[in-house]
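Here is what each chain is made of, one letter per residue.
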Amino acid sequence: MTESAAGGSHRDPAERGRTSIADGVVEKIAGLAAREVVGVHAMGSGTGLSRTFGAVRDRVPGGAKASVSRGVKAEVGEVQTALDLEIVVDYGVSIRDVARAVRENVISAVERMTGLEVVEVNIAVSDVKLPDEEDDEPESRLH
């Protein structure tokens, strides 16, 4: 053991303490990564009423933070994490291809940003957004 001038040992600063990552942090990262995939229309429940309430909740000050992780549930351990995602896909896309792309993007983002090993990403497709359906989450007119 090497002693420093102050009498302590020389240890890598990265080994001096623990880092814990909250479930919500992983859920936000995964939610953003899933939304980046072409063919993912929305996250969370596919029912129109649920999406409408979600859209309203997202416009309430402070509510937007919760929307990022909507449709994502993470279980985070010390070195591993497992994720469950619920998505709504656009009509006409290959659900298998979208699910594969979501899984790859989520795993890449979570592992890169947190250093946790993602052991599984379960994806539930809860609805398909039809081209002639009115969007339940319209753009806000407030600027």
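Residues numbered from 1 in each chain as written. Predicted model: local features only at pLDDT ≥ 70, side-chain atom pairs only at ≥ 80, totals over all residues. Heavy atoms only, no water.

## Some remarks on the confidence of the model for the chain
Interpreting fine coordinate detail is not advised for predicted regions of low pLDDT. We count it as follows: Confidence scores labelled pLDDT are given residue by residue by the predictor and lie between 0 and 100. Helix and strand assignments come from DSSP, with helices taken as H or I runs of at least 4 residues and strands as E runs of at least 2, each series counted from the N terminus. Whether two residues are in contact is decided by their heavy atoms: any pair within 4.5 Å suffices.
In this model, the chain carries an average pLDDT of 83, and 73% of its residues clear a pLDDT of 70 or more. Taken element by element, the predicted model of the chain shows its lowest mean pLDDT in helix H2 (residues 48–59) (50) and its highest in helix H4 (residues 95–114) (98). Confidence over residues 138–143 falls short of pLDDT 50; this stretch has 3 contacts with residues more than four positions distant or in other chains.

## Regarding the environment of glycine 71
Tracing the backbone shows glycine 71 in the loop between helix H3 (64–68) and strand E2 (72–76). When the C-alpha atoms of glycine 71 and alanine 42 are compared, they prove to be 8.7 Å apart, with 29 residues separating the residues in sequence. Ignoring sequence-local partners within four residues, the contact set of glycine 71 consists of Met43, Gly44, Asp84, Leu85 and Glu86.

## Thoughts on helix H1 (residues 23–35)
Quick reminder of the rule: Helix span, as expected, comes to 1.5 Å for every residue beyond the first. Burial status follows relative accessibility: with a 1.4 Å probe on protein chains alone, a residue under 20% of its type maximum counts as buried, one over 50% as exposed, and anything between as partly exposed.
The terminal C-alpha atoms of H1, which comprises 13 residues, lie 18 Å apart, in line with the 18 Å expected from a rise of 1.5 Å per residue. For H1, the complete set of buried residues consists of Val26, Glu27, Ile29, Ala30, Gly31, Ala33 and Ala34.

## Regarding the environment of glycine 92
For glycine 92, the location among the structural elements is in the loop between strand E3 (80–90) and H4. Sequence spacing of glycine 92 and leucine 130 is 38 residues, and the spatial spacing of their C-alpha atoms is 8.5 Å.

## Quick word on the nonpolar core
Rule in force here: Working definition of a nonpolar core: buried Ala, Val, Leu, Ile, Met, Phe, Trp, Tyr and Cys residues. They are joined through side-chain atoms within 4.5 Å.
Counting residues in each nonpolar core, the largest one holds 24 residues, and the members touching the most others are Leu83, Leu85, Val102, Val106 and Val110. Mapped onto this core, the elements with two or more residues apiece are H1, strand E1 (40–43), E2, E3, H4 and strand E4 (117–129). It is H4 that contributes the most residues to this core, 6 residues altogether. When neighbours within four sequence positions are excluded, valine 102 is seen to be in contact with Ala34, Val37, Val40, Leu85 and Ile123.

## Concerning the packing of H1 against H4
The following threshold applies: Only C-alpha atoms enter the line fits that serve as axes; for helices the fit covers just the stretch in contact. Angles between N-to-C directions range over 0 to 180 degrees. For classification, angles of less than 35 degrees are called roughly parallel, those exceeding 145 degrees roughly antiparallel, those between 65 and 115 degrees roughly perpendicular, and all remaining angles oblique. By convention the crossing between two helices is left-handed if the near helix lies anticlockwise of the far one by an angle smaller than a right angle, and right-handed if it lies clockwise. By the convention adopted, Pro, Cys, Tyr, Trp, Phe, Met, Ile, Leu, Val and Ala count as nonpolar, Lys, Arg, Asp and Glu as charged, and the other residues, Gly among them, as polar.
For the pair H1 and H4, the least separation of the axes is 8 Å and the interaxial angle reads 140 degrees. Considering their axes alone, H1 and H4 lie oblique with respect to each other. The element H1 and its partner H4 pack so that their crossing is right-handed. Facing Val26, Ile29, Ala30, Ala33 and Ala34 of H1, the residues of H4 in contact are Val102, Asn105, Val106, Ala109, Val110, Met113 and Thr114. When grouped by side-chain class, the residues that make up the contact of H1 with H4 number 10 nonpolar, 2 polar and no charged.

## Observations concerning the side chain of threonine 114
For clarity, the cut-off: As used in this structure description, the phrase polar contact means that two N or O atoms lie within 3.5 Å; if the pair is within protein, one of them must be able to donate a hydrogen and the other to accept it, and residues adjacent in sequence are counted only when both atoms belong to side chains.
Structurally, threonine 114 is set in helix H4. According to the relative accessible area criterion, threonine 114 is buried, its value standing at 16%. A distance of 2.5 Å separates the side chain of threonine 114 from the backbone oxygen of valine 110, its partner in a polar contact. Only 3.1 Å separates the side chain of threonine 114 from the backbone nitrogen of leucine 116, close enough to count as a polar contact. Contact partners of threonine 114, with chain neighbours within four places excluded, come to Ile21, Val26 and Ile29.

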